[in-house]
Amino acid sequence: MYIYNVTINIEETIHEVWLEWMQKEHIPEMLATKKFSKALMTRVLVEEDMGGITYSVQYTTDSKETLARYYKEDAPTLRARAKRFEGSFVAFRTELEIIGTYG
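Per chain, residue numbering runs from 1 following the sequence as it is written. With the structure being a predicted model, the display of local features is reserved for residues of pLDDT at least 70 and the display and counting of side-chain atom pairs for 80 or more, all residues being used for whole-chain, interface and lining totals. Side-chain metrics in this entry use all non-hydrogen atoms of the structure; hydrogen atoms and water are not considered.

## Some points on the pattern of salt bridges
Applicable threshold: By convention in these notes, a salt bridge is any Lys or Arg side-chain nitrogen within 4 Å of a carboxyl oxygen on Asp or Glu. Starting at the N terminus, helices and strands are each numbered in turn, a helix being any DSSP run of H or I of at least four residues and a strand any DSSP run of E of at least two. A 1.4 Å probe rolled over the protein chains alone gives each residue an accessible area, and that area as a share of the maximum for its type sets the label: buried under 20%, exposed over 50%, partly exposed in between.
Enumeration over the complete set of coordinates arrives at seven salt bridges. Residue E20 pairs with K24 through a salt bridge whose shortest N-O separation is 3.4 Å. With E20 and K24 both in helix α1 (residues 15-32) and four residues apart, the pair spans about one turn of that helix. Take K24: its relative accessible area is 61%, and that puts it in the exposed class. Several salt bridges share partner residues, and in doing so they unite K35, R69, E73 and D74 into one network.

## Digging into unusual backbone geometry
For K34, which is not a glycine, the phi torsion comes out positive at approximately 65°. Turning to its location among the elements, K34 is positioned in the loop between α1 and β2 (38-43).

## Section: the confidence of the model for the protein
Quick reminder of the rule: pLDDT gives the predictor's per-residue confidence on a scale running from 0 to 100.
With 100% of its residues at a pLDDT of 70 or more, the protein shows a mean pLDDT of 94. Confidence, expressed as mean pLDDT per element, reaches its minimum in the protein at helix α3 (residues 75-80) with 94 and its maximum at β2 with 98.

Listed below in structure tokens is the structure:
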């Protein structure tokens, strides 16, 4: 299992609109690709020097191959839909391999 993690710092002036869009549109669209089994959205509690509000969204997928298919088949379209927020956020993406779960 793998996690596709997207960390986003969004400007406070657009935060509420962006958060609603993420919860009602973007995350459901990501899950609708059927390439992710679940999503977890968290707010990062450490304040950034640059300001803004930071979130991490973790999408669970079954393999690197499925993630590669997402990049090829879905990512360009879904990322384009975030253009309306362009200039108001910074994002970085990481791929994580799940080694084990405990507890």
